[in-house]
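Summary of structural features
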Amino acid sequence: MRMQRADFDKLLEALSEWLCCHIIRTSGATLIPPEIKLYCTIHWLAGGRYLDIKANTGILKSSSYRIFSSTIDVINSCHELALK
């Protein structure tokens, strides 16, 4: 099942302030935008392969796992997403 664009945008809005604070540097010191960090993490959590993420974004394997880890930390810390 695919995530709807409106739902992705709503999630991004809730997390973007915190995703901007967690800067991941790739080789060449390119800053990765929050929407790419969120896309990569959701894709991976949904069972996507690293190679698909690399093909779509050009992000290296080592950077991908740092992105996953930091983005999952941000998601877990977001009070707006807490179960009630």
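The structure under discussion appears in the preceding block.
Throughout what follows, the structure given in this document is the object of discussion. In this text the structure is predicted, and so the values were computed from the model without any measurement. (Residues numbered from 1 in each chain as written. Predicted model: local features only at pLDDT ≥ 70, side-chain atom pairs only at ≥ 80, totals over all residues. Heavy atoms only, no water.)

**Some points on the pattern of salt bridges**
We apply this condition: In what follows, salt bridge is the name for a side-chain nitrogen of Lys or Arg lying within 4 Å of a carboxyl oxygen of Asp or Glu. Per the convention used, a helix needs a DSSP run of H or I reaching at least four residues, while a strand needs a run of E reaching at least two, with both numbered from the N terminus. Note on classification: 1.4 Å probe, protein chains only; a residue is buried when its accessible area is under 20% of the maximum for its type, exposed when over 50%, partly exposed between these limits.
Under the definition given, this model contains 2 salt bridges. Here R5 and D9 are joined by a salt bridge, their closest N and O atoms 3.0 Å apart. Pair noted here: R5 and D9 are both in helix α1 (residues 5-21), with a separation of 4 residues, about one helical turn. Exposure remark for R5: the relative accessible area of 61% places this residue in the exposed category.

**Looking at helix α4 (residues 61-77)**
Under the convention used in this document: Helix span is expected to be 1.5 Å times the residue number reduced by one.
With 17 residues, α4 extends 25 Å from end C-alpha to end C-alpha; this agrees with the ideal 24 Å at 1.5 Å per step. For α4, the complete set of buried residues consists of S63, S64, I67, F68, S70, T71 and V74.

**Remarks on the nonpolar core**
So the rule is basically this: In plain words, nonpolar cores are sets of buried Ala, Val, Leu, Ile, Met, Phe, Trp, Tyr and Cys residues tied together by side-chain atoms within 4.5 Å.
Counting residues in each nonpolar core, the largest one holds 9 residues, listed as F8, L11, L12, A14, L15, L19, L38, V74 and C78. With 6 residues, the single largest contributor to this core is α1. Core analysis: the next-biggest nonpolar cluster, separate from the first, contains 6 residues, C40, I53, I59 and I67 among them.

**Some remarks on the environment of D73**
As for its position among the elements, D73 is in helix α4. As for D73 and L19, which are separated by 54 residues in sequence, their C-alpha atoms are 9.7 Å apart.

**Considering the environment of P34**
Note the following rule: In what follows, a contact means two residues having at least one pair of non-hydrogen atoms within 4.5 Å.
Mapped onto the fold, P34 is located in helix α2 (residues 34-45). Other than its neighbours up to four places away in sequence, P34 contacts L12, S16, L19 and C20.

**What to know about the environment of I67**
Assignment of secondary structure puts I67 in helix α4. For I67, a relative accessible area of 0% puts it in the buried group.

**Concerning the layout of surface pockets**
As a reminder of what qualifies: A cavity here means a set of 1 Å grid points, computed over protein atoms only, where a 1.4 Å probe fits but cannot escape. A pocket is an open set with protein on both sides within 12 Å along at least 5 of 7 lines, and lining residues have an atom within 4 Å of a point. Grid points are joined across faces, edges and corners, and a volume is the space filled by probe spheres set on the points. Residue type decides the class: Asp, Glu, Lys and Arg count as charged, Ala, Val, Leu, Ile, Met, Phe, Trp, Tyr, Cys and Pro as nonpolar, and the leftover types, Gly among them, as polar.
Roughly 290 Å³ of volume is contained in the largest pocket. As for the largest pocket, its lining consists of 10 residues, and the residues nearest its centre are R2, M3, Y39, I42 and H43. When contributions to the lining of the largest pocket are tallied by element, the ones reaching two or more residues are α1 and α2. Considering each element in turn, the lining of the largest pocket owes the most residues, 3 residues, to α2. Of the residues contributing to the lining of the largest pocket, the split by class is 6 nonpolar, 2 polar and 2 charged.

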